Each structure stands twice: as structure tokens, then as C-alpha cells.
Amino acid sequence: MIRVNALTLALYLAGLPALAAPSVRNTVGERKGESALVPSNQVVTPLGTVRRVNGARPKDVAVSPNGKVVAVLTQNAVLLYTPLGQLTSTVPLSTGPLGLAWAPNSASLYATGDEGQVNRISIEKGAWKKTGTFKLAEVVEAPVSGSPGARTNSPNGTDLVPLPAPTGNPQVTGLALSPDGKRLYAALGIRNALLVVNTSTWKTIAKIPVGVAPYRIALSPNGRTLLVANRGGRAARSNEPSAPSAQTQVRVDPTTDSALGGSLTFIDTHTLKATSVDAGRQPSAAVFTRDGSKAYVANSDGDSISIVDIRLRRIAGTISMRQPEDPGFGQMPTSLALSADGNSLYVACGGANAVAIVSTATRSITGYLPTGWFPIALGEHGGRLFVASTKGFGSRLASPVGGYNVHSTVGTVQFIARSDWRDLALQTRKVAENNRWGRFELPARKGIKPRPVPERVGEPSVFKHVVYIIKENHTYDLDLGDMPEGNGDKALCLFPERTTPNEHAIARQFVLLDNTYTSGTNSADGHQWTGSAVANAYMEQNYSAYARSYPYDGGDPLAYSPAGFLWTSAVKKHRSVRVYGEFVNKPRVVDPSTGKEPTFRQFYADYKAGGNRYKVTADTDNAALKPLLHPKYIGWPVIPPDQWRADLYLKDLSGWQATGKMPDLSILLLPCNHTNGTDPGYPTPRASVADNDLALGRIVEGISKSRFWKDTLILVIEDDSQFGLDHVDGHRTVAFCASAYTRRGKVVSEVYNHTSLIRTMGLVLGLPAMNRFDRTATPMSACFTAKPEYSPYTAVPTNVPIDEMNPSTTALNGEARRLALASHKLDWSGVDRADATIVARAVWHSLRPDEPFPWAKFHPNVDED
């Protein structure tokens, strides 16, 4: 493997100042100039002319052949800019995860749509507009001269066979047009195939099997070779560890459950014959050299670039994107572009918020250019770079009176002239500072006394056990905005102390964390951050286009970090682990006598009566996780109340009391504060939140009154914060830290996030950082004191009946009835499958019926979850 030019980077980093500890009230958000602190614990300082994309996430970029138009795909529109950054047109569309292709004459552009569609955008009378939407036919209608025939081709290579795939949305991803514009090549991510389509008749010429989950595709300059990057690689063989992704078995690493490797499919566009080779982890982009002899492929989960010999159909070399100052997984190359002379390869590094410049002669990185948050696509023309960062400045779209929602995204598009990075050393230094490069895992020292949070992995902690509790979807202001001790906004507090007495009591008796953030946005990426301290490029590319999966509960190995999860890291270090509900993607609640799923009312009535009528089983597709799971504890659906979940955990705790042995790491999911809106079949929103609050209080009480209290650390956080509004930032959330060594009655305003909790747990349990994000995280050291206080916590009784049910629709009228009917029609079978806007409006109206919904402060995505 060819390594990064360490000497060059060392020169850039020489003299870098020591990083100071975060200051009090240093909050996530924008700073002076085009700069922001984002919830991944990074600073972004995008270079060049920066255009904000309010309320949307850029996903793809394509420069017209004549270089006059830069097209940017977002999840709800295609934006058209001049090369200097002037927005000339916005064409509303419902789009796929990626996919743009220009016609050779630069007069038309094709963009992926949802449900197997492709949209055509053309310029008419000086204005860009949608001029056609075409449903791609997967049935071949016309034979092609020289091709295997008018059917699915049978290409060379034993792995290139039609793979089982579900019906429904085929997920159109990468697009390319032939040099004459007469053929459109379209990858189908869920069908594991590529379509060849006649652009005049829109009949399908061929359907060619490729690898699992094809995404980006690239066509050689002469149009003769099509290169398909398949994230999931070749088909899994019967003797290989595998797990399903969109009902297709993907090869997995048995130690981490993550997807093992990708593949590249080469298609001869004249014969339509295909061959395939194994590639790096999750190939996500490809670009040909001008002569077509080579191609470069970005492996987003491999942090590498493959150099592909097109004639020999093989990988001829590899360039690592992990430079020595920032080791571990997390660079995540997402997109590529070549300079006109072919001497420089530009690499969008999603995890580093930067574009790396690679010398194609030396195959080493010569410098970096800073971008917005998570650059996901880039283009080049005439020496200019065009960079789309999907999360840009973060969730910073607000009304004039303030208030943020986590979906209030401000994406960015950068227009970078060569003169903007005349001083490449300066720009590289900015990238280094923004990412906290140089923070290494130092070896443990001998003779160090135990402390709550050790400074180095392997040094002793006063804690022997960690209990990690993950809740659902609340902002700080939603629950704790009424606490005068912290930085709250009472006007945005829907679940005040009367509803959440235990959250308030825990915050007051231990520490009030009023500056802690979720790193993700919804439950799909949120549970990746809470479990693995990162959301990979596959998650970012599929944001708001979840046709393959919505992996809040696992169920998709392509969504997992190649470095593994907190629980796999603990097992690797021989720590004992017990997991309650997290990543249980095959839950079952059934009445054995009828074989049917009970309602909440039925389950709760049996629970209160002390019965055991219903059978609950927890299972997962994650083989490494399966032996760690409690066999009955499920997260979703929320048919069982959180009291039932607390009972299961406390029963185990009682058993540990008797044996004196408690798991080193326990991970619990407490989901009921998600609520079910005002669906008449479920408790009221305040009852669901009160149930969740009491369960938390009972668990903290149980641990604090056990023999393990003296050496147990309890950490609590939400998986995401999309349910409510917050006056500081939509990512700010509810979090708690309870232990005998936690400071009492203090407010801690250090900037923390998901990675802070994971880094703290890693230091306590002796677990090395899993990736670049938890390695550079801020540990929660400010929460602790050296002198323990062993007094226990006593749970506060709830003020709201847990079975206070939403009224039936017949008892309602007007807006309340309409929202109840809308809530009832939502899909409650899994977290966040329900429309977030309906849930938010229903909850607001149930709690504040006389106040209008704050539309000005709520900016949900068009295609939300």
C-alpha cells in the first residue's frame, strides 16, 4: 500500500499550537466569518465562494460538458449555478440518494428520482425546468446488435449472476450518458443491476447484473467502458459470514458485523459483457484518466483510493487517505475529480471536512483544502473546484426570533478558484486545526492512581462498570428548558418538571449538562453515532432517501462502521457486555394463543396484573451482537411500556447482587419518550414521556442502592434530537451523568456530544478509540470529582398516569381530530417510520391546544425518515 507523504504533512503541521480545553458556553453553531463548530466536534472553515443551501442537503455535483453550468442535486431539488457561484435556477424534484448526468450538448441534464424514476431537466426559453419524468422499465424490450439478447445478460464471472432482490422501489443511483447521448446507463441500488436505456424511446435495452448495491458509475472518455462501483461487493457464498442489506446477503466481518468488501464491475458498452473484481470497502466514486487507461476509485469505508488498470481489469495500486497525524477510520473519501493535466487527483474527504490534493505522479497527498461539514460530491472544470458539503454549517436555519430544529440544515456549495489556495500550507494547517490532528493514543503510564476518567487508555479508573442508556429524540429545551440553573428556553419546554421529575432530579442532584449535542440527525444515523461514534458515508449518501433501509435498529451491514461498535470493541478487550434492546432488528411481541400482536392496552393490562400472557423475543441479524443480547428485551415496537423494560434490567441487577458479578458494560435502550403522537391506540405524549422518565429514575435508583454503586458510571443520552426545538441548536440534547464520583449540584457547560460519552466509556473500560472521531473527542472529565459521595438516588413518582390514553377520534373535533386520525395512519412498527411533522404537530397540539404550532421554528425535510 502506498502511504501518505508524512514528511510533507509534518512540515505543514510544524509549530501547531496546543489545543486549549473548550471554554464555558462555547456552543455549537456559527462563528465569525464563514466558520462553525459542528456537532461532530469539528470546526468548518469552507474555502472560496460559499453558497448556502437552506433547508436541504446537497448530495451530488455535475459540471456541464461546456463548463458553463454546475448542477447540484439535493434531496428536494436540483440547483443550477454558474461557475462563479451565481444561482440561476432551482428545479424542485423528489430525488434519489445521488445521480446526475449531462447530455453531451449541455442542453439537458438527467437526475435520479424516487420509485425508479429519472427526471430530465432542460433549458427552455432561457430557463431551466423539468421537461420529463421517466419510469425506468426493468423488462428488456428490444435486443441490441452484438449483445447477448433482449433479456438479462449473462456476463462473465461467476459472481455476476442475478441476485435476489425485493420488489418495489429499485433505488436509482448512479447515472451516465453515452457520448452521443442516445443511451442512459442507470444503476439500480436495490436490484443489484444496471439498466441500459434508449433515451429516445425510453425502452430498456439491457439489464445487467452487477455487484451488491451499485451506487456511482463512470464512463470512459471514449464511451467504451463503464465502471460500476458496488458498495456491497460480490454475492456472498454459502460458507461466508453474511447479513441482509435490502434483502440481499452481504459479506460481513464476523467480528464487527460490518460489510466486508466492495467490487468493481467493468461493462463493455458495445457487447454489454461484464466482468468483476473485488475492491476496497464500499467503493463510492470513480473517475477515469483522460486517455481512459486508468481509473481512480474512492473506497469510503477503506479510507483509500484504488488505482485501476482498465485494460487488465485489475487494481494496480492503492493510496491510503489516512495520514499519520489523524490515524484510524474516518477520512471517508466520497467523491473524486482530476485536474485537466491529470497531475492532481482531488478527493472529497467526508470525515475530515476537506478536499485532499493527491499527486498522481508520487501517489501521495500534497495538501488539503477546508470544506463545509461532510463534503459528499465535487467537480472540476477549468482549474476550478466545485464542492458540495451535505451538512454544510449544520442545523442553522432559524426564524428571526430564534429556535432550531435538527433538520434545519444549511448545506454548502463551494466555488474554489486556483488562486484561493495559493498558500496550500496555510489551508492544510486550517484543516489540521479544524480536525484536532495530532491527538494520539499515548501508551498507559505505570504507577498512575485510579481516577474517574483516566487520561490514557489502559490507566486505572475508579469505575469497574458502565451503564449506557440511550433514549429517543429529545432536545434539551424540550425537557429541561424550564430549569433556571441551565441555559434553557422555557417557551420551548413541552415536558417540564411535572412530566419529567426524574430527569430534573437527576440533573439537580448530579450534574446538569446544558451544552451536550447529538452528533447525528435522526434515528438511522443517530444509533450509528451512539453505538460506533461515527456515521459512515453510506449513511450520509442515503440521508432522506432510505429506500434500502432505515437502520436505527441495525439490519444493514453497509451502514456500520468498519471499525465496529462499542460492544465489539469491549468484547475484543475481554470485557463482559450485556445489551438491552439496541440493534434488535427482529423483535416479536405475540399472543401465543392467537399468534397475533397485542395492543398497548392489552399488554399493559396484563403487565399491571402481573401476568405473563405475551411472548416477547429479541433477535438480530448482527451475529457478533446476538450472544450479548437479553433474549426478551426489545426497543421497538413500544407495545411494552418502559416500566416493563426497567423491570427486566432490575431483575438482572438483583441477580448480580446475589453473585457479586455485574457486566463491565451494559447498554440499554429506553424508547418510549419517542411517543406515538396522538394515535388513539397509544398513551398520550406526556404519558409516554412520563413512563420513560420513571423508568430512568428506577434504574438509577436501583444501581445507586446496589453493591455496585461505588464503582459504576451511568451515562444517558438521546440517539437524536429531532422531536423538539432548541434555542441554541437543533442538535442540543438531554444527557445525564450519575455516579458516586459525579460532582453534585453543578452545571457543566463543556461542549460534549455522542463521541464524548463513548470516549469517556472507552477511557474508563480501557477500550482504544474506534475511529478518528472518538479519538479526538472531549472526555467528560469536568463532570467528576476525586472525592466520592455514596448517597443513593431515590426515584420520584410520576405525576402522569402511564396508561393515560389518547382520546378516541370520535371524542375529538377540529384540529385535534384531524391530527389524531393522521397519527393513527402512521407506521408505528419501527422508530421514525412515522412522519416527523405530523408527530411534532400532534404532540404540540395535545399539550398546548391554544397555541399555534411554531412553523417559523420548525423546518422538517420534505422526505423525512
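For the structure, check the block above.
None of these values were measured; they are calculated from a predicted model.

Novice: Can you help me understand the environment of Val63 in this one?
Specialist: Looking at where Val63 falls in the secondary structure, it is placed in strand β5 (residues 58-63). Note: C-alpha distance between Val63 and Leu100 (37 residues apart in sequence) is 9.4 Å.

Novice: Would you mind going over the state of the cysteines with me for this structure?
Specialist: Where two cysteines share a covalent bond between their sulfur atoms, that bond is called a disulfide. Taken as a whole and judged by the stated rule, the model has 0 disulfides. No disulfide involves Cys493; its sulfur sits 20 Å from that of Cys672, the nearest cysteine.

Novice: Could you clarify how one ought to interpret the sheet that holds strand β37 (residues 577-581) in this entry?
Specialist: Spatially, the 6 strands line up as an open sheet ordered β40-β37-β41-β34-β42-β43, and their pairing is mixed. Here the strands that pair on one side only, and so sit at the sheet edges, are β40 (629-634) and β43 (735-738). Strand-to-strand twist of the sheet, defined as the mean angle between neighbouring strand axes without regard to direction, takes the value 10°. Pairing analysis gives 4 bridges linking β37 to strand β41 (residues 665-669), with the strands arranged parallel. Across the sheet, Val579 pairs through a bridge with Ile667, a residue of β41.

Novice: Is there a simple way to explain the sheet that holds strand β32 (residues 384-392) in this structure?
Specialist: Backbone hydrogen bonds hold the strands of a sheet together, and the pairing may be parallel or antiparallel. Pairing is antiparallel across the open sheet formed by 4 strands, whose spatial order is β4-β33-β32-β31. The outermost strands of the open sheet, each flanked by one partner alone, are β4 (49-54) and β31 (373-381). Looking at each pair of strands side by side, their axes are set apart by 20° on average, direction ignored. Pairing geometry for β32 and strand β33 (residues 410-416), over 5 bridges, is antiparallel. Within β33, the residue paired with Val387 across the bridge is Gln414.

Novice: Would you take a moment to explain the layout of surface pockets for this structure?
Specialist: A water-sized probe rolled over the atoms picks out the places where empty space is left. Its boundaries defined by the atoms lining it, the largest pocket holds a volume of some 1,500 Å³. If you trace the largest pocket, you find 46 residues lining it, with Val63, Leu219, Ala286, Val287 and Phe288 closest to the centre. Of all the elements in the fold, those that place two or more residues in the lining of the largest pocket are β5, β9 (100-102), β13 (172-177), β17 (212-219), β23 (283-288), β27 (333-338) and β31. In terms of residue class, the lining of the largest pocket is built from 27 nonpolar, 13 polar and 6 charged.

Novice: Teacher, can you tell me more about helix α8 (residues 600-608) here?
Specialist: The periodicity of an α-helix, 3.6 residues per turn, causes residues three or four places apart in sequence to face the same way. Restricting attention to buried positions, one finds in α8 the residues Phe600, Phe603, Tyr604 and Asp606. Seen from one end, α8 has its buried residues packed into an arc of 160°, which puts them on one side. Contacts from the buried residues of α8 go to β38 (588-590), β39 (615-617) and α9 (642-659). A positive phi of about 80° marks Gly610, the residue just after α8.

What counts as what
Residues numbered from 1 in each chain as written. Predicted model: local features only at pLDDT ≥ 70, side-chain atom pairs only at ≥ 80, totals over all residues. Heavy atoms only, no water. Helix = DSSP H or I, 4+ residues; strand = E, 2+ residues; numbered from the N terminus. Disulfide = S-S within 2.5 Å. Pairing = 2+ DSSP bridges. Axes fitted to C-alpha atoms, helices over the stretch in contact; angles between N-to-C directions. 1 Å grid on protein atoms, 1.4 Å probe; cavity = no way out; pocket = protein on both sides within 12 Å on 5 of 7 lines; lining within 4 Å. Points joined across faces, edges and corners; volume = space filled by probe spheres on them. Nonpolar A, V, L, I, M, F, W, Y, C, P; charged D, E, K, R; others polar. Buried < 20%, exposed > 50% of the residue type's maximum accessible area, 1.4 Å probe, protein only. Arc of directions from axis to C-beta. Contact = heavy atoms within 4.5 Å.

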